Amino acid sequence: MEMSVLALAFGKSLLLALAAVLPILNPPAVAPVFVNLTRELEPDVRRAMATRVGANVVLVLAVAMLIGTYVLDFFGVSIPIVRVAGGLIVAFTAWGMLYAQQVASSEYSAMARSLVDDERVRIQAFYPLAFPLTCGPGSISAAITVGAALHNPKWTITAANFAGGLTATVITGLLVLLTFRYAGRILRPLGEVGLVVFLRLSAFILLCVGVQIFWDGASELLRELHAR
């Protein structure tokens, strides 16, 4: 009987975490951004980048789910503040992509070599690719919310809940890895001109997402201010 209860708790928390985080994270929507930022890298470097991004997404979501509420309470930081700051970062990154000028292929090659020589692949796989472009403030706040909901008076149920939630983060990371690794093949039929147009459109949409995240956080702060 106890095992069935634990299995039910595991399954419910797994589905809860996937339903709360995955639609916000939305790996296919970020795939064009990944292609744009890694298009001149060697295929093996791009695959390594996709793997690192997937692993970093799992790490960020797991940490947010496990200790997010405690960290925010300790520093006195509210989720609306996280949304405001993250929205600004996303919007700034999207703005740069939207108005980025096309550079010569030789310059792209030099940039790619510099990226590998300076071991910046590991850095960029976390910022900005994993955070905030893939796993942004919305995903993190959702993971924190899920983590707060997984606590139970019985420690065995709590353990089963968090096991399901962490399994959901691993599944999410695998989906990110696979989507980014094969993003080039998916977008290749668009052609060079179609890809440029699609990337600009994706950058504009990402800019709108950043502004929306910022506004969601700012609106909550304004409501709290008026309530006082």
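Everything below is about the structure shown above.
Here, residues in each chain are numbered from 1, in the same order as that chain's written sequence. In keeping with the model being predicted, local features are shown solely for residues with a pLDDT of at least 70 and side-chain atom pairs are shown and tallied solely at 80 or more, while totals for entire chains, interfaces and linings include all residues. Computation of side-chain values: all heavy atoms of the structure, hydrogens and water removed.

### Things to note about the packing of aromatic side chains
Note on aromatic pairs: each is described by the distance of the centres and the angle between the planes. The condition is simple: In summary, the pairing rule links any two rings of Phe, Tyr or Trp, Trp by its six-membered ring, whose centres are within 6.5 Å, and it sorts them by plane angle into stacked for under 30 degrees, edge-to-face for over 60 and tilted for everything else. Secondary structure is summarised from DSSP: a helix means a run of H or I of at least four residues, a strand means a run of E of at least two, and numbering begins at the N terminus for each. Burial classification: accessible surface area is computed with a 1.4 Å probe over protein chains only, and a residue below 20% of its type maximum counts as buried, one above 50% as exposed, and the rest as partly exposed.
Under the counting rule described, the total for this entry stands at two aromatic pairs. Taking the centre distance of 4.7 Å and the plane angle of 15° together, the rings of Phe34 and Phe180 count as stacked. Of this pair, Phe34 sits in helix H2 (residues 27-38) while Phe180 sits in helix H9 (residues 155-181), and the two are 146 residues apart along the sequence. For the pair Phe34 and Phe180, a shared accessibility class is recorded, and that class is buried. Ring geometry for Phe74 and Phe75: centres 5.0 Å apart, planes at 90°, overall edge-to-face. Phe74 sits in the exposed class, given a relative accessible area of 69%.

### Quick look at the nonpolar core
The tendency in soluble globular proteins is for nonpolar side chains to be buried as a group. To keep it simple, the criterion reads: Take the buried Ala, Val, Leu, Ile, Met, Phe, Trp, Tyr and Cys residues and link them wherever side-chain atoms come within 4.5 Å; each set so joined is a nonpolar core.
Judged by nonpolar contacts, the single largest core of 37 residues is most densely connected at Val53, Val57 and Phe180. Contributing elements (two or more residues each) for this core: helix H1 (2-25), H2, helix H3 (43-75), helix H4 (79-98), helix H7 (129-134), helix H8 (137-149), H9 and helix H11 (191-227). Residues Leu14, Ala17, Leu18 and Val146 belong to the second largest nonpolar core, which totals eight residues.

### Some points on the side chain of Asn161
Where we set the bar: Each polar contact in these results corresponds to two N or O atoms within 3.5 Å; when the atoms are within protein, one needs to be able to donate a hydrogen and the other to accept it, and residues that are neighboring in sequence are counted only if both atoms are side-chain atoms.
Tracing the backbone shows Asn161 in helix H9. Of the polar contacts made by the side chain of Asn161, one reaches the backbone oxygen of Leu150; its length is 3.0 Å.

### Concerning the side chain of Ser139
Secondary-structure assignment places Ser139 in helix H8. By relative accessible area, which is 2% here, Ser139 ends up buried.

### Considerations on the packing of H3 against H8
Our working definition: Axis lines are fitted through C-alpha atoms, for helices just across the contact stretch, and the angle between N-to-C directions can take any value from 0 to 180 degrees. Here the word oblique covers every angle except those under 35 degrees (roughly parallel), over 145 (roughly antiparallel) and from 65 to 115 (roughly perpendicular). Here, two residues are considered to be in contact whenever any of their heavy atoms come within 4.5 Å of each other. Note that Gly is not counted as nonpolar here; it falls among the polar residues with everything else outside the nonpolar set of Ala, Val, Leu, Ile, Met, Phe, Trp, Tyr, Cys and Pro and the charged set of Asp, Glu, Lys and Arg.
Contact pair H3 / H8: the axes reach a minimum separation of 7 Å and the direction vectors enclose 70°. In terms of their interaxial angle, H3 and H8 are classed as roughly perpendicular. For the pair H3 and H8, contact is made by Val60, Leu61, Ala64, Met65, Gly68, Thr69 and Leu72 and by Ser139, Ile140, Ala143, Ile144, Val146, Gly147 and Ala148, respectively. In terms of residue class, the contact of H3 with H8 is made up of 10 nonpolar, four polar and no charged.

### Some points on H8
Rule in force here: Here the expected span of a helix is defined as 1.5 Å times the quantity of residues minus one.
Taking 1.5 Å of rise per residue, the 13 residues of H8 would be expected to cover 18 Å, and the 18 Å separating its terminal C-alpha atoms lies within 8% of that figure. Most of H8 is tucked away: 10 of the 13 residues are buried. Residues of H8 that are buried include every one of Pro137, Gly138, Ser139, Ile140, Ser141, Ala142, Ala143, Ile144, Val146 and Gly147, and no others.

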